[in-house]
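# A closer look at the structure
So the chains spell out like this:
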Amino acid sequence: MSSGSEMKEGRMIINIGPSHPSTHGAFRMITEIEGEVIINCEVEIGYVHRGVEKFAENLKYRQILPLTDRLNYVSAIMNNIGYVTALERYMKIDVPKKAQYIRVILNELSRISDHLTCIGPNVVDIGALTPFWYFFRERERIYEIIEMWTGARLTTSYPWVGGLWRDHPWIGGFKEEIPAEFEKKVRGFLKTMKSAIDDVEGLLTGNRIFIERTKGIGVMPAEKALEYGWTGPCLRASGVAWDLRKVEPYMCYEDFDFEVPVGENGDTYDRYLVRMEEIRQSMRIVEQAIDGLPEGPLMTSDPRVCFPPKKEVYSTIEGLIRQFELVMYDIQVPEGEFYYAVEAANGELGFYIVSDGTGKPYRFRIRPPCFAIYQAFPYLVKGLKIADLIAVLGSINIIAGELDR
Amino acid sequence: MGIEIEVEKLRGQGIVVGSLKKIVRWARKNSLWPFPFATKCCGIEFMAVVGAHYDLARFGAEVVRFSPRQADLLMVAGTITYKMVPVLKTIYEQICEPKWVIAVGDCASSGGFFDTYSVLQGIDRIIPVDVYVPGCPPTPESIISAVMKIQRLIDEGKVLKSYERERPLPNP
Amino acid sequence: MKEKDLFQILKESLPHAEIEEREMIIIKVGKEKYLDTLKFLKDLKFDLFIDLFGTHYPATKEIEVIVHLYSTYRIKRIRVKCRVPEDNPVLPSVYNLWKGADWFERETYDMLGVRFEGHPDLKRILTPPGFEDHPLRKDFPFRGKIPRKEKYHPDDKRFIEGEFWF
């Protein structure tokens, strides 16, 4: 691919550059083609590198939270939950059940939103325009529900160590009931989502053109996928039944009854099918969570992270001191290093933090799922045509914000 | 005086009377072809604007073109890093005159809250910008109101001159 | 029972390394035994390659390279740490064991300057071409080294040749 390489006659170098309608994000692919068949492909990333890891070494733990939700910006709550559960598991803080259930509902809604954003534009590149409109209408409904809870559509910065935000607009002071409107909206969403998914499955799954475009394209065998570091729906489509929600349950996932779909061949069609089935399983989890919502507080009362109640602040000196310390110096993470991972929409999202006892981390490392998946791209597209390259690129769900951090 | 009575008689019979400038501006503002240069989260909000709920097609901007030769409104949404700067500059120069630029979001307007070694602190360091949309990310209503502001700018006939004529060279 | 076995197996077969167990088993090795340890772990069926990155400790003038692995058979995580001096950070590459180390090693080279011998194509991946520093080192300011007040003109020679940012 360098300028010194010899090119036989009939070969061309095509640059699918950072600004291209079908690259969902900014990355460049330089392909060497002969006729229309790809001989070699090289990938260049780094167009959205913001230096988040370096930046986080100067911020307190509370200030890092908005940085994390700009990683995988399509499902921002999952990144927040990854960061917050890492801190909770290290500091051994118990979160009340009600907060965990609400977190699970928002988490699964974000996962549904991510899969919809993957499948929608992917099939648009293949040529089917209608599922895009159906799916984006459903995404607007998810945005409404998330905005109702967190106040923002896209970049929420909502969960915090120990539960949810205490000073939620409905939950001023000590009241912690959830209005009936929330439940009504979630159940309404589940109904319309089911009909949208059934419609799109009817349009695409048995469609002859879609099957011919995607079956056998971009095959990844299971051992190679494990070597490359693939996790998430792409690994499950290759035949390995691996889901961190079942293997290392966190955040009350063991209370829910759901299945993990596993594919057979590892081609583009399987990745599409695995994602569609995961949307259905996520809807099942949301339904179980909202049916069995327990009673209780929405935030732990652990003195390391939780503000004391206002009565104590104004009457006792200990309450005042605690309030002052938490506001001025933020939470104190004890010294040490730790790594914890969650199952984000694309795979394993891990946070490795080295803390040196001050209020700022010494080293903040994010393990991005897309990074490991995208490095296998030149292997996937050897011998395919350019149109197949576009189909494969859409199916592995690359989010440039996560890739480059 | 006589001309005005003649014009009054003509009106309402399927004939529009006006100056050429006004008609051209009316045609231009109601058929903007946007070029979305989306790199990050603001790109997702842009996709929501083009979607069916907040419809950008009502303003004539239905045809979202991904080639700079076919577009006239450049919407830069998302963080621009130093690696991306030559790409953005080339694309801006390839769009034919007259052209307008919207900087969508905080990262494009001023670097956002990423004050780091690889982020360009605002695209107005390299290309001239007509409308800035604040927000992280801005709501789709703000993006639509920015497009309406561009329409008002077109009505008044304002096109920013190209870069060399506007800004002086720094001292070498 | 399997946990005890794994810990014992590691303690017996890697006498030169320090092994402890917190949220996962952590192995500290020196530079010379790094590749052998990782080969041994691959034979022990640690097949899912999770992560490879580094941290800079200027107090002891060392860079620590960390590898995370996961075994889908035993359902166990493991971490391997290795320290190299910061003046001459060279380590053997594990690309032949796990292909996934490709981009992770390139990123460690880019951010910290650690060179991996045996890697097929070690070059910059995230920073722009022409960048000469290693950003994650502690002596590099997070705002970068470009003066902020300067505005760039497209006819500026540095911009045309692709090097305008330094």
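Residues numbered from 1 in each chain as written. Chains lettered and ligands numbered in written order. Predicted model: local features only at pLDDT ≥ 70, side-chain atom pairs only at ≥ 80, totals over all residues. Heavy atoms only, no water.

## A few points about the interface of chain B and chain A
For clarity, the threshold we go by: Only heavy atoms enter the contact rule, under which two residues are in contact if any of them lie within 4.5 Å. Note on terms: buried area is the combined drop in 1.4 Å-probe accessible area of two parts once they are placed together, counting the loss on both. By definition here, a salt bridge exists when the distance from a side-chain nitrogen of Lys or Arg to a carboxyl oxygen of Asp or Glu is within 4 Å. Any pair of N or O atoms that falls within 3.5 Å is considered a polar contact. Within protein, one atom must be able to donate a hydrogen and the other to accept it, and sequence-neighbouring residues count only if both atoms are side-chain atoms.
Counting from both sides, the interface comprises 31 residues of chain B and, opposite them, 32 residues of chain A. Summing the contributions of chain B and of chain A, the shared interface buries around 2,700 Å²; its carbon and sulfur component is 70%. Contact with chain A buries surface across chain B, with Ile44(B), Lys83(B) and Phe113(B) losing the most and accounting together for 20% of the total. Put simply, Lys83(B) and Glu44(A) hold a salt bridge, and the shortest N to O gap is 3.9 Å. Linking chain B with chain A are ten residue pairs in polar contact (both at pLDDT 80 or more), by the criterion used here.

## As for the sheet that holds strand 1 (residues 18-21) of chain C
Residue and element names in this part refer to chain C. Put simply, the test is: Two strands are said to pair when DSSP picks up at least two bridges between them. The secondary structure listing takes helices from DSSP runs of H or I that are at least 4 residues long and strands from runs of E that are at least 2 residues long, numbered from the N terminus. Between N-to-C directions, angles cover 0 to 180 degrees, with each direction set by a line fitted to C-alpha atoms, over the stretch in contact for helices.
Overall, mixed pairing links the five strands, which are arranged 1-2-5-4-3 in an open sheet. Single-partner strands in this sheet number two, and they are strand 1 and strand 3 (48-57). Ignoring strand direction, the axes of neighbouring strands in this sheet form an average angle of 20 degrees. The sheet contact formed by strand 1 and strand 2 (residues 25-29) spans four bridges and is antiparallel. The partner of Glu-21 across the bridge, within strand 2, is Ile-25. Docked against the sheet, helix 2 (residues 34-43) engages strand 2, strand 3, strand 4 (62-71) and strand 5 (76-85), running at close to 10 degrees with respect to strand 4. Against the sheet, helix 3 (residues 101-112) makes contact with strand 3 and strand 4, and its axis sits at roughly 10 degrees relative to strand 3, the strand it touches most.

## Thoughts on the packing of aromatic side chains
Any aromatic ring pair is given by two values, namely how distant the centres are and how the planes are angled relative to each other. Residue and element names in this part refer to chain A. In plain terms, the rule: Ring pairs shown here join Phe, Tyr and Trp side chains whose ring centres sit within 6.5 Å, with only the six-membered ring taken for Trp; geometry is labelled stacked below 30 degrees between planes, edge-to-face above 60, and tilted in between. When accessible area is computed with a 1.4 Å probe and restricted to protein chains, residues below 20% of their type maximum are described as buried, those above 50% as exposed, and intermediate ones as partly exposed.
With the rule as written, the count across this model stands at 31 aromatic pairs over all chains. Note on Phe-132 and Phe-136: the rings are 4.5 Å apart at their centroids and 35 degrees apart in plane angle, and the pair reads as tilted. Taken together, the residues Phe-132 and Phe-136, both in helix 5 (residues 130-150) and four residues apart, mark about one turn of the helix. We classify Phe-132 as buried; its relative accessible area is 13%. Of the residues examined, Phe-136 reaches a relative accessible area of 6% and is grouped as buried.

## As for the interface of chain A and chain C
The line we're drawing: Polar here means any residue outside two lists: the nonpolar Ala, Val, Leu, Ile, Met, Phe, Trp, Tyr, Cys and Pro, and the charged Asp, Glu, Lys and Arg; Gly therefore counts as polar.
Each partner contributes to the interface: chain A provides 38 residues, whereas chain C provides 45 residues. Summing the contributions of chain A and of chain C, the shared interface buries around 3,600 Å²; its carbon and sulfur component is 57%. Counting across the chain A and chain C interface gives eleven salt bridges. The partner of Asp51(C) in a salt bridge is Arg365(A), with the nearest N and O atoms 2.7 Å apart. Here chain A is connected to chain C by 22 residue pairs in polar contact (both at pLDDT 80 or more). Counting only elements with at least two residues in the side of chain A that touches chain C, the list comes to strand 3 (37-44), helix 1 (52-55), helix 8 (222-228), helix 10 (244-247), strand 4 (336-343), strand 5 (348-355), strand 6 (361-367) and helix 14 (369-374) of chain A. When residues in the side of chain A that touches chain C are grouped by element, the largest group, five residues, is from strand 4 of chain A. Within the side of chain A that touches chain C, the residues separate by chemical class into 19 nonpolar, six polar and 13 charged.

## Some remarks on the nonpolar core
Here is the rule: Nonpolar cores are built from buried Ala, Val, Leu, Ile, Met, Phe, Trp, Tyr and Cys residues. Side-chain atoms within 4.5 Å join them into one set.
If you look at the biggest cluster of nonpolar residues, it comprises 90 residues, and the most contacted ones within it are Trp230(A), Tyr374(A) and Phe377(A). Setting aside chain neighbours within four positions, we find Tyr374(A) in contact with Phe27(A), Met29(A), Val43(A), Ile45(A), Leu393(A), Ile396(A), Ile398(A), Leu403(A) and Trp103(C). Listed in part, the 86 residues of the second largest apolar core include Ile145(A), Leu164(A), Val200(A) and Met276(A).

## Points about the pairing of strand 1 (residues 34-38) of chain B
All names here are of chain B. Put simply, the rule is: The path from the first strand over the helix to the second decides the hand: if it runs clockwise while the strands point away from the viewer, the crossover is right-handed.
Across the five residues that make up strand 1, a large majority, four, are buried. Direction of pairing for strand 1 relative to strand 2 (residues 73-77): parallel, over a ladder of five bridges. Note that in strand 2 the partner of Pro-36 across the bridge is Met-75. For the crossover from strand 1 across helix 3 (residues 41-50) to strand 2, the handedness is left-handed.

## Topic: the packing of helix 4 (residues 97-126) of chain A against helix 11 (residues 268-291) of chain A
Residue and element names in this part refer to chain A. Definition in use: When an angle is under 35 degrees it counts as roughly parallel; over 145 it counts as roughly antiparallel; between 65 and 115 it counts as roughly perpendicular; any other value is oblique. Crossing chirality is assigned from the near helix's rotation relative to the far helix, an anticlockwise turn below a right angle marking it left-handed and a clockwise turn marking it right-handed.
Here helix 4 crosses helix 11 at 155 degrees, and the two axes come no closer than 9 Å. Regarding the angle of helix 4 to helix 11, the classification is roughly antiparallel. Between helix 4 and helix 11 the crossing geometry is left-handed. Facing Tyr-101, Val-104, Ile-105, Glu-108, Arg-111, Ile-112, His-115, Leu-116, Cys-118 and Ile-119 of helix 4, the residues of helix 11 in contact are Tyr-272, Arg-275, Met-276, Glu-278, Ile-279, Ser-282, Met-283, Ile-285, Val-286, Ala-289 and Ile-290. Looking at the contact of helix 4 with helix 11 residue by residue, the class counts come to 15 nonpolar, two polar and four charged.

## Comments concerning unusual backbone geometry
Residue Pro137(B) is bonded to the preceding Cys136(B) through a cis peptide linkage, with omega at -10 degrees. Within the secondary structure, Pro137(B) is located in the loop between strand 4 (131-133) and helix 6 (140-156). If you check the backbone angles, Asp330(A) has positive phi at about 60 degrees while not being a glycine. One can find Asp330(A) in the loop between helix 13 (317-329) and strand 4. When its relative accessible area of 11% is taken as the criterion, Asp330(A) is described as buried. In the Ramachandran plot, Asn397(A) falls in the positive-phi region, its phi being about 55 degrees despite a non-glycine side chain. With respect to the element layout, Asn397(A) can be found in the loop between helix 16 (386-395) and helix 17 (400-404).

## So, the sheet that holds strand 2 of chain B
Residue and element names in this part refer to chain B. Ordered in space as 1-2-3-4, the four strands form an open sheet in which the pairing is parallel. Two strands lie at the open edges of the sheet, namely strand 1 and strand 4, each paired on one side alone. Neighbour to neighbour, the strand axes of the sheet diverge by 20 degrees on average, direction disregarded. Pairing analysis gives five bridges linking strand 2 to strand 3 (residues 100-104), with the strands arranged parallel. Bridge pairing links Met-75 to Ile-102 in strand 3. On top of the sheet, helix 3 reaches strand 1, strand 2 and strand 3; it is set at about 130 degrees to strand 2, its chief contact.

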